[in-house]
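Breakdown of the fold
Chain by chain, the residues run as shown.
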Amino acid sequence: MAQLTARFRTENRRYTVEDVPFSVPAASETTDLSQLINKLLAAGNADHKYVEFDFLINGQFLRMPLVTHMEMENISTEEVVEIEYVEKYMAPQPEECIFHDDWISSVQATEEWILTGCYDQTARIWSLEGKSIMTIAGHTEVVKDVAWVKQDSLSCLLLSASMDQTVLLWEWNVEKNKVKALHCCRGHAGSVDSIAVDCTRTKFCSGSWDKMLKIWSAVPTDEEDEMEEGANRPRKKQKTEQLGLTRTPLATLSGHTEAVSSVLWIDAEEICSASWDHTIKLWDAETGDLKSTLTGNKVFNSVSYSPLCRRLASGSTDRHIRLWDPRSKDGSLVLLSLTSHTGWVTSVKWSPTHEHQLISGSLDNIVKLWDTRSCKAPLYDLAAHEDKVLCVDWTEGGLLLSGGADNKLYCYRYPTTASDVGA
Amino acid sequence: MELWDLRPHAEPHPGAPISSPVSHGHHLPQLLFTPLAPRGAAACSGAPNPPLTPFPSASLQDIRNTVGNIPMEWYQDFPHIGYDLEGKKIYKPIRNKDELDMFLEKMENPDYWRTVQDKMTGADIKLTDEQIDLVHRLQKGQFGDVHFNPYEPAVDFFTHEVMIHPVTNRPADKRSFIPSLIEKEKVSKLVHAIKMGWIKPRKPKDDTPTYYDLWAHEDPNSILGRHKMHVPAPKMKLPGHEESYNPPPEYLLSEEERLAWEQQEPAQRRLSFVPQQHRSLRAVPAFPRFIHERFERCLDLYLCPRQRKMRVNVDPEDLIPKLPKPRDLQPFPTTQALVYRGHTSLVRCLSISPSGQWLVSGSDDGSVRFWEVSTARCMKTLPVGGVVKSVAWNPNPTICLVAICVEQSVLLVNPCLGDKLLYGATDQLLESFVPPEEERVQPVQWVPATMEEHSKGIRLVVQHSKAVKQVTWHGKGDYFASVVSDNSNMQVLIHQSSKRWSQNPFRRSKGLVQCVLFHPIRPYFFVATQRYVRVYNLLKQELTKKLMTNCKWVSSMAIHPGGDNIICGSYDSKLAWFDLDLSTRPYQLLRHHKRALRSVAFHKHYPLFASGSDDGSVIVCHGMVYNDLLQNPLLVPVKVLKGHVLTLDLGVLDVLFHPTQPWVFSSGADGTIRLYT
């Protein structure tokens, strides 16, 4: 049996072992190494409990026999291998399955409530326990995206974007459990597919099928903006649109040649949009200028940004999740692709607390939890959906949410480990 | 005087032979005369003794010619013949005798024969008897002097006997008895040269006779080379088991076989002999057919067909045209991405909105469904109560209208999807119709939808007399054409939706029309019958072209967005690509499908075309059309897309490309629509 010399290292001080090279069997896998570490720890500390570990070699997770991994990564087996180990991420624990009446197009959750957009033209508010709190009806078409704007103990502001070309700004009175449409944002000439609220919670941006991005104010007022084409609209329509005061966009960003599928704010001044024209564009929110373009070769369905690692993750109409550096100027360089899905990746979301982890939903009915340190295989597959997954979300409280075409919203509790916080 | 003058010349020297009496020079050097003078016979030769004889030197010298020993021909054309000592010209004597005078003189003058001409002076000289005698003697080779005796007895100066006392007592030279130094040097040089190999021994003479190859330089490939056309004699068949003296029993003929063998004509027999078994080789008798067999062999050789088989040595790989690899031709659809489920029966037709957001499909279950492309969500279902043969979304992006063929009518439906302003404007456009004052006779009836139908989205119903099987829009979105299953000239109708006006463009039926198509740019109209595609110019109202499809039954047709290329699918599983600029025959005939083609489609932007077939597959091909007119289109099949389940022996019924992405939709008999990306 071939042996390798390895030195073990960890960031977590609770599990430190002696920094001497150990001889380990070349064919040992994660479980073998984990047992080895546990034995060492038990020898040093009598009341040590068994802990599963995961192992990293040069920042890559060990997912196969040690020697195979090193062959694939071109690491010399002659020298001492430095192996870092972290406490194994626990599998996400399923918590709730919330049934809807129709396909779930979008989800956004906070610490207390879950907001979902649904194909039955409503948005819904749920408690974390899965209790239906509020159904917001008002759109005349499918609700494509929802977003929280502001949360107080008394009232919340929230947004819903719909295929009926409007975005509605709602005020939800938590005490009375009443919802009121404050503003109806008109201006798009196609279904509004994506909305994103900026970090100051005063503005939001919307991306639409009509190839435009529009920036709106998210602050409720009592005045109605004037519509330019108000006069020649048919009168019949006007009656149905008396939901709240009409609002017009602050700015319009045009530049995409195809439908905009996803928008987000990178910081207070920068907007990122992904489109069907195979590009991700970065915009200056103040001036409305195009800052840079990342060009792919497939339609982008979804994009997500992590301020922790400053990377963009994109899901497109192929099997891959690609990571981009938004700072590279027109380099359109894919840093990494995560490949394990078998269908279009419809939705990606970075972990708000962990710089390496993200979650993705795909048309192959599977939600995958990824660690960018293992790009060949995900950490966990969450295969609960029976139909296409259309949206995923990850809250700061460690809740994973996914909704899809099987009318179900699944919630998973994913405990953030101590090392995550440290990272 | 002249004789005088000649004398010293005539006898210059008795011993010297004179070649000719006239040629000897008068100017012989004086020295010759002097010592020999005493021997001269002539008493008058007083040269050595001038004082003794009166010598008329002055007159003699005067006449001497001074030109020297030159050819006297040089003076032929001059009156003089030279110069005397004083430099005065010596004139030739006057000779005015002609041939006749000469002859007469020859006849008359007895001394003519002894007259010679002096070349130096040109004067005639009469030779004396002595002189003639001298000439005679010289001519005979005798000495000139009569008294000279050449045979006087010899006097021996030395005796021939060897005397005991030498005449001289000179000792022998030293060099006669010591080796020669010069020779030694020469020998040492030779020895050195031999040592150094400069001198080699002579090669022994090769006494083998040399032969010459007459045909060595003959070109073996020349046609005359007989050996090139050498045909080897046919080989004799090697003896088999039958020929053995002790063949295995299965080779021996049974009784019936032997009878049959005997009944057969000798030429018909498979074997020319009867296999026989012998105990040992000793028992084998003489072969009675030996001569016969040799004769047959000779006949074989003599009559064998001397024909050469031309074999072409071509690598089969070279015959395959060089096509680019599909990998280099991306993007094209490769995998199935979405399945649109909802129809309960076969989905016959597909169409897509110009923006690419919505898809419409018509099915045999009597419904038309509208789908969201990106999620496969069925947004709307429109029950129409009949088999939907064809749907067509208006290609004009500012009009939101779908034409649907249901049985005998074409429905114009506003799907109310997309921009509200657009579909509102479409309704307004249709409502703005003002009926003309006088009713025009139309082949069809335009009926506005009832309230119930209106709520479903149906705006207008165009009622035909017979079942409609296809509808297609013109690129501008106002006109559309419909095809009726009929055998008359009413098969094709062109309608104008804004004016609610229909017309029948053709007076006569040219066959069963399969499908029609508008040219995307120019005012052309394509009508596909079973075997031909006719191209009509709508402005000039005439037939422009007739394309021969080389197919038995055309099923579908699509036009390249550039407008110069057409593809036709046929029920005999062929796809014909026409280059309209090139020929009326197919540029290429692709036979990739195993069964009948139901539908063909071009992509609007990407160089792609697809065909759907009854074998359940969609074949995507790369079809690059170049702007350069000299370069023919490049057709490369790139992908076979499978996914549809064969139902009722039908596979794919319609294919359609997404307007902006390299995606292809296919609708199948299994009630699904599939999107491949």
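Residues numbered from 1 in each chain as written. Chains lettered and ligands numbered in written order. Predicted model: local features only at pLDDT ≥ 70, side-chain atom pairs only at ≥ 80, totals over all residues. Heavy atoms only, no water.

1. Here we look at the overall build of chain B
Counting its regular elements, chain B contains 11 helices and 33 strands. Here chain B, with 677 residues, has 37% of them falling under the buried criterion. Summed over all atoms, the accessible surface of chain B reaches about 43,600 Å², with 56% contributed by carbon and sulfur. (Helix = DSSP H or I, 4+ residues; strand = E, 2+ residues; numbered from the N terminus. Buried < 20%, exposed > 50% of the residue type's maximum accessible area, 1.4 Å probe, protein only. Areas by Shrake-Rupley, 256 points an atom, 1.4 Å probe, with all protein chains shown as cover.)

2. Concerning the overall build of chain A
Along the backbone of chain A there are four helices and 34 strands. With 423 residues in all, chain A has 56% of them scored as buried. The contacts of chain A with a sequence gap of at least 6 include a subset with a gap of at least 24, amounting to 48%. For chain A, the accessible surface area stands at approximately 17,900 Å², while carbon and sulfur atoms represent 47% of it. (Contact = heavy atoms within 4.5 Å.)

3. Considering the packing of aromatic side chains
For the structure on display, the rule yields 28 aromatic pairs over all chains. By way of ring pairs, the aromatic residues A:Phe8, A:Phe53, A:Phe55 and A:Tyr85 are connected into one cluster. It is B:Arg269 that lies over the ring of B:Trp261; its NZ or CZ is 3.9 Å from the centre. Above the ring of A:Trp103, the side-chain terminus of B:Arg377 is found at 5.1 Å from the ring centroid. (Phe/Tyr/Trp six-rings, centres within 6.5 Å; stacked < 30°, edge-to-face > 60°. Lys NZ or Arg CZ within 6 Å of the ring centre and 35° of its normal.)

4. Notes on helix 5 (residues 129-140) of chain B
All names here are of chain B. Over its 12 residues, helix 5 extends 17 Å from the first C-alpha to the last, a length consistent with the 16 Å expected when each residue adds 1.5 Å. Among the residues of helix 5, those classed as buried are Gln131, Ile132, Leu134, Val135, Arg137 and Leu138. Positioned one or two residues after helix 5, Gly141 has a phi angle of 85°, which is positive. (Expected span 1.5 Å × (residues − 1).)

5. Topic: the UniProt feature "repeat: WD" (unreviewed entry) in chain A
Per the UniProt record, the feature "repeat: WD" (unreviewed entry) sits at residues 136-171, 185-217, 253-293, 302-325 and 338-374 of chain A. Summarising residues 136-171 of chain A: 0% helix, 67% strand, and an end-to-end C-alpha distance of 10 Å. (UniProt positions renumbered as here; feature names shortened; annotations may be inferred.)

6. A look at a negative patch on the surface
A surface patch of like charges, here negative, comprises B:Glu255, B:Glu256, B:Glu257 and B:Glu262. With respect to the element layout, B:Glu255 can be found in helix 7 (residues 255-263). (Patch = residues over 30% accessible without salt bridge, like charges linked within 9 Å, V, L, I, M, F, W, Y side chains within 5 Å. Salt bridge = Lys/Arg side-chain N within 4 Å of Asp/Glu carboxyl O. Lys, Arg positive; Asp, Glu negative; His and termini not counted. Charge placed at Lys NZ, Arg CZ, Asp CG, Glu CD.)

7. With respect to the interface of chain A and chain B
Facing 25 residues of chain A, the contacting portion of chain B comprises 25 residues. When the buried area of chain A at its contact with chain B is split by residue, A:Trp209, A:Trp276 and A:Trp344 rank highest and sum to 27% of it. Of the charged contacts in the structure, one is a salt bridge between A:Lys144 and B:Glu372, with a shortest N-O distance of 2.6 Å. On inspection of chain A and its partner chain B, the count reaches 10 residue pairs in polar contact (both at pLDDT 80 or more). Among the residues making up the side of chain A that touches chain B, the classes are represented as 11 nonpolar, five polar and nine charged. (Buried area = accessible area lost by both parts, 1.4 Å probe. Polar contact = N/O pair within 3.5 Å; in protein donor to acceptor, adjacent residues only side chain to side chain. Nonpolar A, V, L, I, M, F, W, Y, C, P; charged D, E, K, R; others polar.)

8. Quick notes on the environment of A:Phe99
All names here are of chain A. In this fold, Phe99 is placed in strand 6 (residues 93-99). When the C-alpha positions of Phe99 and Asp406 are compared, they lie 9.0 Å apart, and in sequence the two are 307 residues distant. If sequence neighbours within four positions are ignored, Phe99 has contacts with Trp126, Asn407 and Lys408.

9. So, the pattern of salt bridges
Residues and elements named next belong to chain B. Enumeration over the complete set of coordinates arrives at 25 salt bridges over all chains. The salt bridge partner of Arg595 is Asp649, with a shortest N-O separation of 3.4 Å. Taken together, the positions of Arg595 in the loop between strand 26 (588-590) and strand 27 (597-602) and Asp649 in the loop between strand 30 (634-642) and strand 31 (652-657) put the pair 54 residues apart, joining distant regions of the chain. Arg595 sits in the partly exposed class, given a relative accessible area of 30%. Arg674 is the salt-bridge partner of Asp670, the closest N and O atoms lying 3.5 Å from each other. Looking at Arg674, the relative accessible area reads 8%, which means it is buried.

10. Overview of the sheet that holds strand 20 (residues 524-528) of chain B
Residue and element names in this part refer to chain B. If you walk across this open sheet you meet the four strands as 19-20-21-22, and the pairing is antiparallel. Sheet topology places strand 19 (515-518) and strand 22 (542-548) at the edges, where each strand pairs with a single neighbour. When strand polarity is set aside, the average angle formed by the axes of neighbouring strands in this sheet is 20°. By the bridge criterion, five bridges tie strand 20 to strand 21 (residues 532-537) in an arrangement that is antiparallel. Its bridge partner lying in strand 21, Ala528 is registered against Val533. (Pairing = 2+ DSSP bridges. Axes fitted to C-alpha atoms, helices over the stretch in contact; angles between N-to-C directions.)

11. Some thoughts on the pairing of strand 6 (residues 347-352) of chain B
Residue and element names in this part refer to chain B. Counting buried residues along strand 6, five of its six residues qualify, which places the element largely inside the surrounding structure. Taken together, the five bridges between strand 6 and strand 7 (residues 358-363) define a ladder with antiparallel strand orientation. By the bridge assignment for strand 7, Cys349 is matched with Gly362.

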